[in-house]
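Chain and residue survey
Residue strings, one per chain:
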Amino acid sequence: MTVEGPNDPLQEPSVPFDAASQSAGDATVNERKARAKRKKKKLKRRIRSLEEELAVYDSVAASKLYGLTPELEREVAQALSADNPRQLYRLVRPLHAADHADLIERYSGQNREILVTVLGRYFDPETLTYLDDNVREEILPLLDEDVLRNAMETLESDDAVEILGELDDEDQARLLDSMPERERAMVEEGLNFDEASAGRLMQREMVTVPEHWTVGQTIDYLRTTIDLPNNFYDIFVADPDRRPLGKLSLSNMLRSKRPVRVAEIMRTDFHTVPAVMDQEDVAMLFRQYGLVSAPVVDTEDKLIGMITVDDVVDVMHEEAEEDILRLGGVANDDLHGSLFNTTRSRFSWLAVNLVTAIVASGVIGAFETTIEKIVALAVLMPIVASMGGNAGTQTLTVAVRALSMRELSSTNAFKFVIKEMTVGSLNGVMFALIAAGACWAWFGDPQIAAVMASAMMINLFVAGLSGTLIPITLERLKIDPAIASTVFLTTVTDVVGFFTFLGLAALFLI
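Residues numbered from 1 in each chain as written. Predicted model: local features only at pLDDT ≥ 70, side-chain atom pairs only at ≥ 80, totals over all residues. Heavy atoms only, no water.

1. So, the overall build of the protein chain
- Of regular secondary structure, the protein chain possesses 23 helices and six strands.
- For the protein chain, the residues scored as buried account for 38% of the 510 residues in total.
- Looking at the protein chain alone, contacts between residues at least 24 apart form 67% of all its contacts between residues at least 6 apart.
- Entry remark: accessible area of the protein chain is about 29,800 Å², with carbon and sulfur atoms responsible for 57%. (Helix = DSSP H or I, 4+ residues; strand = E, 2+ residues; numbered from the N terminus. Buried < 20%, exposed > 50% of the residue type's maximum accessible area, 1.4 Å probe, protein only. Contact = heavy atoms within 4.5 Å. Areas by Shrake-Rupley, 256 points an atom, 1.4 Å probe, with all protein chains shown as cover.)

Here you go:
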């Protein structure tokens, strides 16, 4: 028998019901709920406000990364359309030279002329160094003589040589006559080198010191000498005949004590660049050894200038862009080139493709009787050629890139060819099964499916082989693989694809 008492924890005490107390409790709960709801709404409003502030902050931060923002572009367009040079001047004057160059390149005709001339004598000569070659050649006649003369005096010698090289002989002579004797001699020397050589790429301004100097003497020299390059990273140590003995980085020098001799801390395992070296080879040298700057020497191994990494980065960009565009059959100046020049350059490429297409059509014409008897062949044969062309282009792209980066040589060429042949064969087997199944389901003829599978395997194998051998062979023949490889590859894959497919059909189906 269980006895229940007031102290039994399982038994809830009996409390008399009080309506007033219940009503007051409900009111308290409702008030708390309302207060919590208000806090929740307030918190949501605060979150939205923070999100809006963050968005504004992101927008402002992004606009500070580049001076040429979409908003500024719209304002410039409005100023141009409203013919408001005063407003245009206020918009353009604060821009960095690179942003001003981008803005000039995005317009043409009269608008481009206004963007160039609106700054008058305040035109920044540095803008010329950021412009596309075609655009720079177009706007140079628009600039005042004082602006050009100022550019020749303030720009580094390599930039001055690049700009002068695009002027005609008369304009060159006039500007050279206006330059001081020393600067004129350096620029004229640069103009004598080939356009794509290290001699054109280098700047004549550099810092050279004798090996018996101390760190203290070198630092004092840098502090007191006015005629120094605007930017340099290394100091070159030379003998009295200006032959390079070593290279001293600024960071290494600044970590050394003043009494230490330069000869004790300079690096003797440095790379010199011959002035006649091609700029593409210079870029590879910088990339291979992680150089920041390198001395340039003449045929007598005497120092005549230096090349810095910022110029090499431009060369890398130009060479990579040129190779990519050549693979597509277009010139590197198509974007800013004239209508006539762009049409003419693409016409020659398309004419070559027309010849290769006629060759492929000739192969099809040789099997005209076979196609007439089996109409399904006309539907299926483009598939074989297209698959071969795409597979070959993949291999070709890898090969051209490896050749341009000096990653493919006689040492690993055979291994690369075998690998790409194997890849082509494996893909050929897999896509042969897929294509055969589709043909069987489509036409209900196992023989056509077998012919399709065989032709697919053969053409993908040939695509892998030709995609490697064609650029390697052209490289050995001193022909740029980026220019001619695509034409030969397309011809091979089309001819082999059509011939194998139609030839097997004529052999086994008729």
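2. Points about the sheet that holds strand β6 (residues 303-308)
- The mixed open sheet is built from three strands, whose spatial order is β4-β5-β6. Of all the strands in the sheet, the pair left with one neighbour each is β4 (273-274) and β6.
- Pairing of β4 with strand β5 (residues 293-297) involves two bridges; the strand directions are parallel. Within the sheet, the bridge partner assigned to V273 lies in β5 and is V296.
- Seen against the sheet, helix α16 (residues 279-289) touches β4, β5 and β6 and runs at an angle of roughly 65° to β6. (Pairing = 2+ DSSP bridges. Axes fitted to C-alpha atoms, helices over the stretch in contact; angles between N-to-C directions.)

3. Quick look at the sheet that holds strand β1 (residues 208-209)
- Across the sheet, which stays open at both edges, the three strands sit in the order β1-β2-β3 with mixed pairing between neighbours. Whereas interior strands pair on both sides, the edge strands pair on one side only; in this sheet they are β1 and β3 (244-249).

4. Section: the packing of aromatic side chains
- Applying the stated criterion to the full structure yields three aromatic pairs.
- Geometrically, the ring pair formed by W213 and Y221 is edge-to-face, given 5.5 Å between the ring centres and 70° between the ring planes.
- By relative accessible area, Y221 is classed as partly exposed at 26%.
- When the ring centre of Y122 is taken as origin, the NZ or CZ atom of R93, which lies over that ring, is 4.3 Å away. (Phe/Tyr/Trp six-rings, centres within 6.5 Å; stacked < 30°, edge-to-face > 60°. Lys NZ or Arg CZ within 6 Å of the ring centre and 35° of its normal.)

5. Things to note about helix α9 (residues 157-164)
- Across the eight residues of α9, seven count as buried, placing the element largely inside the fold.
- Taken residue by residue, α9 has S157, D158, D159, A160, V161, I163 and L164 as its buried positions.

6. Some thoughts on the side chain of R200
- Following the sequence through the fold, R200 ends up in helix α12 (residues 198-201).
- Of the buried charged residues, R200 lacks a salt bridge, with E195 as the closest side chain of opposite charge at 5.2 Å.
- At 3.1 Å, the side chain of R200 and the backbone oxygen of G190 are in polar contact.
- Discounting residues that sit within four places of it in the chain, R200 has contacts with D158, V161, G190, L191, F193, D194 and E195. (Lys, Arg positive; Asp, Glu negative; His and termini not counted. Salt bridge = Lys/Arg side-chain N within 4 Å of Asp/Glu carboxyl O. Polar contact = N/O pair within 3.5 Å; in protein donor to acceptor, adjacent residues only side chain to side chain.)

7. Some details on unusual backbone geometry
- Of note, D301 is a non-glycine position whose phi angle comes to about 65°, a positive value.
- Accessibility expressed as a relative area gives 36% for D301, which makes it partly exposed.
- Notably, K478 is not glycine yet its phi reads approximately 65°, a positive angle.
- Inspection of the secondary structure assignment puts K478 in the loop between α22 (446-476) and α23 (481-508).
- Residue K478 is classed as exposed on the basis of its relative accessible area of 78%.

8. Things to note about the packing of helix α20 (residues 376-404) against α22
- Two elements in contact, α20 and α22, have axes whose closest approach is 8 Å; the angle formed by their N-to-C orientations is 25°. Taken together, the axis directions place α20 and α22 in an arrangement best described as roughly parallel. As for how α20 packs across α22, the hand of that crossing is right-handed.
- In the contact of α20 with α22, the residues fall into 19 nonpolar, seven polar and one charged. (Parallel < 35°, antiparallel > 145°, perpendicular 65-115°, else oblique. Left-handed = near helix turned anticlockwise from the far one by under 90°. Nonpolar A, V, L, I, M, F, W, Y, C, P; charged D, E, K, R; others polar.)

9. Some thoughts on the packing of α20 against helix α21 (residues 413-443)
- Viewed as axis vectors pointing N to C, α20 and α21 meet at an angle of 155°, and their least axial separation amounts to 11 Å. Comparing the axis directions of α20 and α21 gives the class roughly antiparallel. For α20 against α21, the interelement crossing comes out right-handed. Side by side, α20 and α21 meet where A376, V379, L380, M387, T395, V398 and A399 of the first sit next to F416, E420, F431, C439, W442 and F443 of the second.
- Tallied by class, the residues present in the contact of α20 with α21 amount to 11 nonpolar, one polar and one charged.

10. Here's the deal with a negative patch on the surface
- A surface patch of negative charge is lined by D310, D314, E318 and E321.
- The exposure class of D314 is partly exposed, given its relative accessible area of 44%. (Patch = residues over 30% accessible without salt bridge, like charges linked within 9 Å, V, L, I, M, F, W, Y side chains within 5 Å. Charge placed at Lys NZ, Arg CZ, Asp CG, Glu CD.)

11. Topic: the pattern of salt bridges
- Tallying each qualifying case throughout the model produces 16 salt bridges.
- The shortest N-O distance in the salt bridge between E162 and R136 comes to 3.0 Å. In this pair, E162 is assigned in helix α9 and R136 in helix α7 (residues 133-139), connecting sequence segments 26 residues apart.
- A residue is classified by how much of its surface remains accessible, and E162, at 32% relative accessible area, is partly exposed.
- A salt bridge links R401 to E407; the nearest nitrogen and oxygen atoms lie 2.6 Å apart.
- With a relative accessible area of 44%, R401 lands in the partly exposed category.

12. Section: the confidence of the model for the protein chain
- Per-residue confidence for the protein chain averages 83 on the pLDDT scale, and 83% of its residues sit at or above 70.
- Ignoring residues within four places in sequence, the model shows residues 1-17, a span with pLDDT below 50, making two contacts including any to other chains.
- In the predicted structure, residues 56-64 sits below a pLDDT of 50 and forms one contact with residues beyond four places in sequence or in another chain. (pLDDT = per-residue confidence, 0-100.)

13. Considerations on helix α13 (residues 215-224)
- When α13 is considered as a whole, its buried residues turn out to be V215, G216, T218, I219 and L222. All buried residues of α13 lie within an arc of 165° about the axis, which places them on one face of the element.
- Here the buried face of α13 lies against β1, β2 (234-238), α14 (250-254) and α15 (262-265). (Arc of directions from axis to C-beta.)

14. Concerning the pairing of β2
- Where burial is concerned, most of β2 is hidden: five out of the five residues are buried.
- Neither face of β2 is exposed, since D234, F236 and A238 on one face and I235 and V237 on the opposite face are all buried.
- Bridge count between β1 and β2: two bridges; the pairing is parallel. Pairing of V209 across the sheet is with V237, part of β2.
- For the crossover from β1 across α13 to β2, the handedness is right-handed. (Right-handed = clockwise from strand over helix to strand, strands pointing away.)

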